[in-house]
Each structure stands twice: as structure tokens, then as C-alpha cells.
Amino acid sequence: KEKVEITKEQQALMKIITDAYNRHQIPQDVAKKLLQDQYSAEENFLLLTEMATSQVQVLVEFTKNIPGFLSLDREDQIALLKGSAVEAMFLRSAQVFSRKMPSGHTEVLEERIRKSGISEEFITPMFNFYKSIGELHMVQEEQALLTTVTILTPDRPYVKDQQAVERLQETMLDVLRKLCVLQHPQEPQYFARLLGRLTELRTLSHYHTEMLASWRMN
Ligand SMILES: COc1ccc(-c2nc3ccccc3n2[C@H](C(=O)Nc2c(C)cccc2C)C2CCCCC2)c(OC)c1
């Protein structure tokens, strides 16, 4: 049984990324808004686009704090941001949905989202993903590193120097793997389960355009 140990450098890397992840949060708490009032499909669509837009700005600021990201080719940085924006948005939504809330709040939030205007056919895959993320009970370091690993996906469209992105992603995956072993010692499969969510995330994000196009306006 090999002793898993996070090195000093990896500790520092994890702190930089987690602090940046927590610092670059969306200002307004959309869950609180949704719990307070019921909005029309049009208002919800507007809220969704506002959230998605501010999320992209937050993502850009966050990536500036990923050690090595700014050393990548400038055009590759943009390709990585464009390629991961929707996935990062669903990941953030899953984390917001899975947050510990006073009893009954999650059910109300789920109801508001089901009735938001999104087409029926997308509700099940979306909530299946949210619940599968929730079941992982990720600590904030794992959430930050998982988002970082998602951004540093080498095979996004138009990435020229895939090797450079792969090297960066591997650095992050190594820290994440060790963190999972240390945080979930009874669950040796935890890291694999975590990465499996990224496959589900990519599938869900393929629906995104269709989800918007089929939004049920009155
Ligand atoms: C069509 O694609 C989506 C994407 C996300 C959601 C979504 N899942 C959520 C889970 C918890 C809380 C809110 C949640 N959202 C929306 C939201 O704002 N997501 C969000 C964004 C966009 C950026 C940053 C951060 C977040 C949370 C609410 C937008 C207003 C209508 C209701 C959904 C969605 O719901 C139908 C459909």
C-alpha cells in the first residue's frame, strides 16, 4: 500500500487554485433569488443568460490564476475558455444545487428549476448530473481542481499545442488524484468516479444550445 503524499509544491498549487476559485464566485446568489420568488419563463431565460454571461467573466479571471495557463499560446487560452465555458457553467450549477440548504429548500429550488421554462426532455439528464455530483460530497479543493481539469482539456476544438495543455492538465490530475485518496480513504474508486462525471458533463453540455432554443416562452 504505497503512502500517498502531497508535496509542498502541490500543496501551494492547490491553495492558489482553491483561493482563486472561491474568490471568483458569481456575485448574486441565484439560488436565493429562485427560492424567494417565482419568475416567468421569460424572466428565467433572462436570468439564465445574465448568469451565464457573468460566469464567463468569472471563468476568465479564474483561469488567470491557474499556474501555467497564461504561459500557453494566447489563442489556445481562448480555445480552452470557449471549449469549457458551458461545462464550467453546468459544474457550477451542480455545485450550487448540491450545497447544503435548510430542509425543504432544495426541493423548492428543484421545483423552480423544473418549472423555469426548460423543456421536459432535458430536466432528467440535468438533475441526474446534479445529483451524481451531489453524491460525491466534494470538498472545495476537489471542486476547484475538477473545474481546472475541465478547463485544461487538451482536445478542445482549435487547440494547437495540445501537448502543453496535456502537461498542465496532468499536473492538476496528479494533485486531484492524491487529494481524493487522502479525503476518501475508504473509497479507492472515488477519483475514477469523479473523472466519470466529466464524461456526463460533456454529454450534458452538448444539449445546451438545444436547451436554450427549446425554452418554453408563454
Ligand atoms: C440551459 O442551461 C441551463 C444551465 C443551468 C441551469 C441551472 N441549473 C441550476 C441549478 C441550481 C441553481 C441554478 C441553476 N441554473 C440556472 C443558473 O442560473 N445557473 C447558473 C449559471 C447559468 C451560471 C453560473 C451559476 C449558475 C447557478 C437558473 C437560471 C434561471 C432559471 C432557473 C435555473 C439551467 O436550469 C434550467 C439550465
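Residues numbered from 1 in each chain as written. Predicted model: local features only at pLDDT ≥ 70, side-chain atom pairs only at ≥ 80, totals over all residues. Heavy atoms only, no water.

K.L.:
Would you mind showing me how to read the site of the ligand here?
P.N.:
Close to the ligand lie 23 residues, the nearest being Met51, Met89, Ser93, Tyr130 and Met211. At 3.1 Å from a nitrogen atom of the ligand is found a side-chain nitrogen or oxygen belonging to Ser93. In this structure, Tyr130 approaches the ligand through a side-chain N or O atom, which is 2.6 Å from a nitrogen atom. Out of a free accessible area of 680 Å², the ligand has 100% covered by protein chains. When contributions to the shell around the ligand are tallied by element, the ones reaching two or more residues are helix H2 (30-36), helix H3 (41-63), helix H4 (74-98), helix H6 (120-134) and helix H10 (208-213). Counted by class, the shell around the ligand contains 17 nonpolar, 5 polar and 1 charged residues. (Near = heavy atom within 4 Å. Polar contact = N/O pair within 3.5 Å; in protein donor to acceptor, adjacent residues only side chain to side chain. Areas by Shrake-Rupley, 256 points an atom, 1.4 Å probe, with all protein chains shown as cover. Helix = DSSP H or I, 4+ residues; strand = E, 2+ residues; numbered from the N terminus. Nonpolar A, V, L, I, M, F, W, Y, C, P; charged D, E, K, R; others polar.)

K.L.:
Before we go on, may I ask you to explain H6 in this structure?
P.N.:
Quick reminder: α-helices carry 3.6 residues per turn. Residues three or four places apart thus point the same way. With 15 residues, H6 ought to run about 21 Å at 1.5 Å a step, and its terminal C-alpha atoms sit 22 Å apart, in line with that. Regarding H6, the residues found buried are Phe122, Ile123, Met126, Phe127, Phe129, Tyr130, Ser132 and Ile133. The elements touched by buried residues of H6 are H4, helix H5 (105-114), helix H9 (190-206) and H10. (Expected span 1.5 Å × (residues − 1). Buried < 20%, exposed > 50% of the residue type's maximum accessible area, 1.4 Å probe, protein only. Contact = heavy atoms within 4.5 Å.)

K.L.:
Which parts of the structure should I look at to understand the environment of Ser214?
P.N.:
By secondary structure assignment, the location of Ser214 is in the segment after H10. In sequence terms Ser214 and Met101 are 113 residues apart; their C-alpha atoms lie 30 Å from each other. From its side chain, Ser214 meets the backbone oxygen of Glu210 in a polar contact 2.8 Å long.

K.L.:
Which parts of the structure should I look at to understand the pattern of salt bridges?
P.N.:
Two side chains carrying opposite charge are able to pair once their charged atoms lie near each other. Summed over all chains, the structure comprises 14 salt bridges. Across the pair Lys64 and Glu61 runs a salt bridge, and its minimum N-O distance is 3.0 Å. The partly exposed category is assigned to Lys64, whose relative accessible area is 43%. For Lys131, the salt bridge goes to Glu110, with nearest N and O atoms at 3.1 Å. Linking Lys131 in helix H6 with Glu110 in helix H5, this pair joins segments that are 21 residues apart in sequence. The exposure class of Lys131 is partly exposed, given its relative accessible area of 37%. (Salt bridge = Lys/Arg side-chain N within 4 Å of Asp/Glu carboxyl O.)

K.L.:
Sorry, what's going on with the packing of helix H1 (residues 8-23) against helix H7 (residues 140-151) here?
P.N.:
In a packed pair of helices, the relevant descriptors are the angle between the two axes and the axis-to-axis distance. In the contact formed by H1 and H7, the axes pass within 9 Å of each other and the chain directions differ by 90°. Judged on the interaxial angle alone, H7 and H1 are roughly perpendicular. Of H7, the residues touching H1 (which contributes Met14, Ile17, Thr18, Tyr21 and Asn22) are Gln140, Glu141, Gln143, Ala144, Leu145, Thr147 and Thr148. Looking at the contact of H1 with H7 residue by residue, the class counts come to 5 nonpolar, 6 polar and 1 charged. (Axes fitted to C-alpha atoms, helices over the stretch in contact; angles between N-to-C directions. Parallel < 35°, antiparallel > 145°, perpendicular 65-115°, else oblique.)

K.L.:
What exactly am I supposed to notice about the confidence of the model for the protein chain here?
P.N.:
Residues shown with low pLDDT carry predicted positions that ought not to be read at fine detail. Per-residue confidence for the protein chain averages 95 on the pLDDT scale, and 98% of its residues sit at or above 70. Reported for the predicted complex are a pTM of 0.95 and an ipTM of 0.98. (pLDDT = per-residue confidence, 0-100.)

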